[in-house]
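So you can see what is in the structure, the chains are spelled out below.
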Amino acid sequence: MSNVSGDSSCASNVRERGRGTVVGVPKRCWCGEAIVAKNLKSESNPCRRNFRCGYATAKKLMNDDHVFKWVDEALLDEVESFSVQTVKLQMEMEIEKKMQMELEKELFERVEDAKSELKARMKVISRLLSDCLL
Ligand SMILES: [Zn+2]
């Protein structure tokens, strides 16, 4: 409870946006209660599971702003954010690979340059040496 200022962005978002707008699987309600997974006994969705604030469940609250999230939607969010992350990671890896290849190419060219420069200098030195010796 001490680092509220540091890691409060998620919690405050949940609080501001309220019920039904949690992205992914909710870990904890903004009120501090743990989330429970339960079946909602409604006629339209007799078997559809949802994540619900433990407090709101215990008090049988209705139309409140405690966490409420369909399990399938939460899992879909997780899958979506995971695939977005995967695509991002793949793109980063591609860029890194490209950069590394360019770096290797540049390094190779520099080594080649240095080698030819060294050869040219050696030629000059050996000519100077032979001039001296003659
Ligand atoms: Zn709650």
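Scoring rules and cut-offs
Residues numbered from 1 in each chain as written. Predicted model: local features only at pLDDT ≥ 70, side-chain atom pairs only at ≥ 80, totals over all residues. Heavy atoms only, no water. Helix = DSSP H or I, 4+ residues; strand = E, 2+ residues; numbered from the N terminus. Buried < 20%, exposed > 50% of the residue type's maximum accessible area, 1.4 Å probe, protein only. Contact = heavy atoms within 4.5 Å. Areas by Shrake-Rupley, 256 points an atom, 1.4 Å probe, with all protein chains shown as cover. Donors = N, O, S within 2.8 Å, 3.2 Å for Na, K, Ca; no water. Tetrahedral: all angles 85-135°; square planar, octahedral: opposite > 155°, others 65-115°. Core = buried A, V, L, I, M, F, W, Y, C linked by side-chain atoms within 4.5 Å. pLDDT = per-residue confidence, 0-100. Expected span 1.5 Å × (residues − 1).

(A) Fine view of the overall build of the protein chain. Within the protein chain, the secondary structure is distributed over three helices and three strands. In sequence order, the secondary structure elements of the protein chain are arranged as α-β-β-α-β-α. Burial analysis of the protein chain (134 residues in total) assigns 16% to the buried set. Expressed as a percentage of contacts within the protein chain between residues at least 6 apart in sequence, the contacts between residues at least 24 apart total 39%. Within the structure as shown, the protein chain displays about 11,200 Å² of accessible surface, and the carbon and sulfur contribution to it stands at 60%.

(B) Representation of the side chain of Asp77 in the model. As for its position among the elements, Asp77 is in helix H3 (residues 71-133). Look past the residues within four positions of Asp77 in its chain and what remains in contact with it is Val22, Val23, Gly24 and Lys69.

(C) Quick look at the coordination of the zinc ion. Within the first shell, the zinc ion binds the protein through Cys29 (SG), Cys31 (SG), Cys53 (SG) and His66 (ND1), at distances of 2.0 to 2.3 Å. For the zinc ion, the four donor atoms are set out with angles of 105 to 114° between them, so the coordination reads as tetrahedral. Taken in sequence order, the residues that donate to the zinc ion follow the motif C-x1-C-x21-C-x12-H. Highlighted residues: Cys53 in strand E2 (residues 49-53) and His66 in the loop between helix H2 (54-58) and strand E3 (68-70), separated in sequence by 13 residues. With respect to class, Cys53 is no different from His66; both count as buried.

(D) Quick peek at the nonpolar core. Membership of the largest hydrophobic core is limited to nine residues, which are Val22, Cys29, Ile35, Phe51, Cys53, Ala56, Val67, Val71 and Ala74. For this core, the secondary structure elements donating two or more residues are E2 and H3. Leave out the neighbours within four places in its chain, and Ile35 touches Pro26, Lys27, Arg28, Cys29, Phe51, Arg52, Cys53 and Val67.

(E) Fine view of the confidence of the model for the protein chain. Looking at the protein chain as a whole, its pLDDT mean stands at 82, while 78% of the residues score no less than 70. Within the protein chain, helix H1 (residues 9-17) has the poorest average pLDDT of any element, 43, and H2 the best, 94. Across residues 1-19, where pLDDT falls below 50, the model places 13 contacts with residues more than four positions away in sequence or in other chains.

(F) Looking closely at H3. Here H3 contains 63 residues, and its C-alpha end-to-end distance of 90 Å stays within 8% of the 93 Å for a straight helix at 1.5 Å per residue. Taken residue by residue, H3 has Val71, Ala74 and Asp77 as its buried positions. Close packing links the buried residues of H3 with E2 and E3.

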